[in-house]
Number of protein chains: 2
Amino acid sequence: MDRHFDEELKDLKEKLLHMASLAEQSIVKAVKSLVDRQKDLAEEVLASDEAINLLEIEVDELCLKLLALRQPIATDLRFITSALKIITDLERIGDLSVNIAERALDLMEHPLLKPLIDIPRMAQLAQKMVKDSLDAFVNRDADLARNVCMRDDEVDQLNHQIFRELLTYMIQDTKAITRAVDLLLVARHLERIADHATNISEDVVYLVKGKTIKHHIEEKGG
Amino acid sequence: MDRHFDEELKDLKEKLLHMASLAEQSIVKAVKSLVDRQKDLAEEVLASDEAINLLEIEVDELCLKLLALRQPIATDLRFITSALKIITDLERIGDLSVNIAERALDLMEHPLLKPLIDIPRMAQLAQKMVKDSLDAFVNRDADLARNVCMRDDEVDQLNHQIFRELLTYMIQDTKAITRAVDLLLVARHLERIADHATNISEDVVYLVKGKTIKHHIEEKGG
């Protein structure tokens, strides 16, 4: 190994940001395919999942290599073990986007149930949370990370609102049930994407401040 | 540090098994509270979540300590980084059991929609997958881990079966919709618990065989 450890860490950060940007694009494309009923976009999401999966393996191996050969301690050690966890979250965000794209493909086969307003809003929030959680990670920005955690409530609230609205459609017209359930699942996938961004952000606060905010929801705003 | 590294690894394994057994108990209690409409069991699940969360932090810190002070390489390094990922899966299994317990408490307020047959079966499968995935991990048993991955299909199939059955209830009677949706969510929580057990098992195969079966579903039976 002739490169410096700092350069290797920089490489790790770049790969993580690249993986995050692929995951973000998948969210955006999956929801756009749903809203605009564009089959090609949904298929792009399915196709790009492989790239995210391969990046997960690549970054995982890079982290292991750094742990074994550089034997980092303190902050660098925590940074690398956090990266190991974050790639799992990003990979699952990719999977959830695939789930949304699959629901979009299903829904295209049937008439539009309703114009979608809250789901795109929820998607935009979730995507921004993913972006900011990774920016917070590479810049060790605990304030931004805490801010992401706080935004999770807004996503949960939108999810409940969507849930209640779709229930009324189901009650009014039984023919709407399967489509309403599909949309309900999309909202839940987006909620889980936001949860993953929150998990990443909690790791960032731990990394920077050396204390855990996991399982201490009351501290989210602190 | 006067203890041997082997003893520390043994301690790590024991803590992981303890955490897994708490997570398993939560699954069992949450579903039993749903099936038997027992409020006290659901409340036990909510109460025990704190213990799982605290164990996650404790094991996380133990792993970091071992990485920093023992600077393990090769198999031991992979074992510890796998443990770091596994505790995240176990913690989320605990959260999902809490979600099930919350649905159970909701459903107790309303008349029984139908006798539950498939959901307890699904829960039993998921709980066994969690148990076996952790046994496979601490015993480095790749065959058992592969076996767990294969069982995930059975859980997915049950989930689809439950989904289709609940749809028929919703179509027949709009007053059944909210209860049916609650049960549908319980089935999805169980499916996600099985997914976490599958994730753990994939890590075990990687740990033992040094190759990844993640993202290579066709190899699951190999």
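Reference entry: report on the structure contained in this document.

Considerations on the interface of chain B and chain A
Then step 1. Counting residues at the interface gives 38 residues for chain B, matched by 38 residues for chain A.
Then step 2. Overall, the association of chain B and chain A removes approximately 3600 Å² of surface from exposure, summing both partners, and the carbon and sulfur fraction of that is 61%.
Then step 3. At the boundary of chain B and chain A, one finds six salt bridges.
Then step 4. In this structure, B:K85 engages A:D60 in a salt bridge whose closest nitrogen and oxygen atoms are separated by 3.0 Å.
Then step 5. Taken together, the connections running from chain B to chain A amount to 11 residue pairs in polar contact (both at pLDDT 80 or more).
Then step 6. Each residue belonging to the side of chain B that touches chain A can be placed in one class, and the counts come to 16 nonpolar, 11 polar and 11 charged.

Thoughts on the pattern of salt bridges
All names here are of chain A.
Then step 1. For the structure shown, the criterion picks out 34 salt bridges over all chains.
Then step 2. Linking K32 and D36 is a salt bridge whose minimum nitrogen-to-oxygen distance equals 2.7 Å. Of the two residues, K32 and D36 both sit in helix α1 (residues 5-36), four residues apart, roughly one turn of that helix.
Then step 3. The class of K32 is partly exposed, set by a relative accessible area of 39%.
Then step 4. A salt bridge links R188 to E191; its shortest N-O distance comes to 3.9 Å. Pair noted here: R188 and E191 are both in helix α6 (residues 177-209), with a separation of three residues, about one helical turn.
Then step 5. We classify R188 as buried; its relative accessible area is 18%.
Then step 6. It is possible to trace a salt-bridge network through shared partners that takes in D11, K15 and E58.

Focus on helix α4 (residues 118-138) of chain A
Since the α-helix advances by 3.6 residues per turn, residues separated by three or four positions end up pointing in the same direction.
Then step 1. For α4(A), which comprises 21 residues, the first-to-last C-alpha distance of 31 Å matches the rise-based estimate of 30 Å (1.5 Å per residue) to within 8%.
Then step 2. Looking at the residues trailing α4(A), positive phi occurs at A:R140, about 50°.

Observations regarding the environment of B:L34
Residues and elements named next belong to chain B.
Then step 1. Within the fold, L34 resides in helix α1 (residues 5-36).
Then step 2. Measuring from C-alpha to C-alpha, the distance between L34 and E202 comes to 30 Å, with 168 residues separating the pair along the chain.
Then step 3. When residues no more than four places from it in sequence are discounted, the contact partners of L34 are A104, L107, L116, I119, L183 and V186.

Quick notes on the relation of the copies chain B and chain A
Then step 1. Of the transformation superimposing chain B on chain A, the axial component is 0.0 Å and the angular component is 180°, with the fit at an RMSD of 0.0 Å. Given the turn and translation reported, the copies of this chain are related as if by a two-fold rotation axis.
Then step 2. Residue by residue, 100% of the interface of chain B is reproduced at the interface of chain A, so both copies engage with the same surface.

Describing the environment of B:E102
All names here are of chain B.
Then step 1. For E102, the position within the fold is in helix α3 (residues 74-108).
Then step 2. Judged by relative accessible area, E102 falls into the partly exposed class, the value being 35%.
Then step 3. Taking C-alpha positions, E102 is 9.3 Å from L34, a pair spaced 68 residues apart along the chain.

Structural notes on the nonpolar core
Then step 1. In this structure, A:L12 and B:L12 are the most contacted members of the largest nonpolar core, which totals 155 residues.
Then step 2. At 17 residues, helix α3 (residues 74-108) of chain A tops the list of elements feeding residues into this core.
Then step 3. Here B:L12 is in contact with B:V59, B:L62, B:C63, B:L66, B:F79, B:I80 and B:A83, once residues within four sequence places are set aside.

Considering the packing of α6(A) against helix α5 (residues 142-172) of chain B
Then step 1. Packing of α6(A) against α5(B) leaves a shortest axis separation of 11 Å and a crossing angle of 125°. Judged by the inter-axis angle, α6(A) sits oblique to α5(B). The hand of the α6(A)/α5(B) crossing is right-handed. Contacts from A:I177, A:T178 and A:V181 in α6(A) reach B:F163, B:L167, B:M170 and B:I171 in α5(B).
Then step 2. Looking at the contact of α6(A) with α5(B) residue by residue, the classes come out as six nonpolar, one polar and no charged.

Some words on the side chain of A:T88
Then step 1. Of note, A:T88 is situated in helix α3.
Then step 2. Leave out the neighbours within four places in its chain, and A:T88 touches A:E56 and B:K85.

Quick notes on the packing of aromatic side chains
Residues and elements named next belong to chain A.
Then step 1. If you walk through the whole model with that rule in mind, you get two aromatic pairs over all chains.
Then step 2. With a centroid separation of 4.5 Å and 5° between ring planes, the pair formed by F79 and F137 is classed as stacked. Highlighted residues: F79 in helix α3 and F137 in helix α4, separated in sequence by 58 residues.
Then step 3. A residue is classified by how much of its surface remains accessible, and F79, at 0% relative accessible area, is buried.

Observations concerning unusual backbone geometry
Then step 1. For A:Q71, which is not a glycine, the phi torsion comes out positive at approximately 40°.
Then step 2. Tracing the backbone through its elements, the reader meets A:Q71 in the loop between α2 (39-70) and α3.

Examining the environment of B:E202
Then step 1. Looking at where B:E202 falls in the secondary structure, it is placed in helix α6 (residues 177-209).
Then step 2. In this structure the C-alpha to C-alpha distance between B:E202 and B:S133, which are 69 residues apart in sequence, comes to 9.0 Å.

Here is what the cut-offs are and how they apply
Going along each chain's sequence as written, the residues are numbered from 1 onward. Whichever chain is written first becomes A and whichever ligand is written first becomes 1, with later ones labelled in order. Reporting of local features is limited, given that this is a predicted model, to residues whose pLDDT is at least 70; pairs of side-chain atoms are given and counted only at 80 or more, and all residues count toward the totals for whole chains, interfaces and linings. With hydrogens and water excluded, all non-hydrogen atoms of the structure serve as input to the side-chain values. Between two residues, a contact is recorded if the distance between any of their heavy atoms is within 4.5 Å. Note on definitions: buried area is the accessible-area loss of two parts on being combined, 1.4 Å probe, summed for both. By definition, a salt bridge exists where a carboxyl oxygen of Asp or Glu is found within 4 Å of a side-chain nitrogen of Lys or Arg. As used in this structure description, the phrase polar contact means that two N or O atoms lie within 3.5 Å; if the pair is within protein, one of them must be able to donate a hydrogen and the other to accept it, and residues adjacent in sequence are counted only when both atoms belong to side chains. When residues are sorted by character, Ala, Val, Leu, Ile, Met, Phe, Trp, Tyr, Cys and Pro go into the nonpolar class, Asp, Glu, Lys and Arg into the charged class, and all the rest, Gly among them, into the polar class. Every helix listed is a DSSP run of H or I at least four residues long, and every strand listed is a run of E at least two residues long, numbered separately from the N terminus. Each residue gets one of three labels from its accessible area relative to the maximum for its type: buried under 20%, exposed over 50%, partly exposed in between, using a 1.4 Å probe on protein chains only. Multiplying one less than the number of residues by 1.5 Å gives the expected span of a helix. Least-squares superposition aligns the copies on the C-alpha atoms of those residues with pLDDT at or above 70 in both. Only buried residues count toward a nonpolar core, which is a set of Ala, Val, Leu, Ile, Met, Phe, Trp, Tyr and Cys residues joined through side-chain atoms within 4.5 Å. Helix axes are fitted only over the stretch in contact, all axes being lines through C-alpha atoms; the angle between N-to-C directions runs from 0 to 180 degrees. Angle categories are assigned with fixed cut-offs, so that under 35 degrees is roughly parallel, over 145 is roughly antiparallel, 65 to 115 is roughly perpendicular, and the rest are oblique. The hand of a helix crossing depends on one turn: near helix anticlockwise from the far one by less than a right angle means left-handed, and clockwise means right-handed. Stacked, edge-to-face and tilted are the three classes for Phe, Tyr and Trp ring pairs, Trp counted by its six-membered ring, which pair at centre distances within 6.5 Å; planes under 30 degrees apart are stacked, over 60 edge-to-face, the rest tilted.

So yeah, pure geometry; function would need other evidence.
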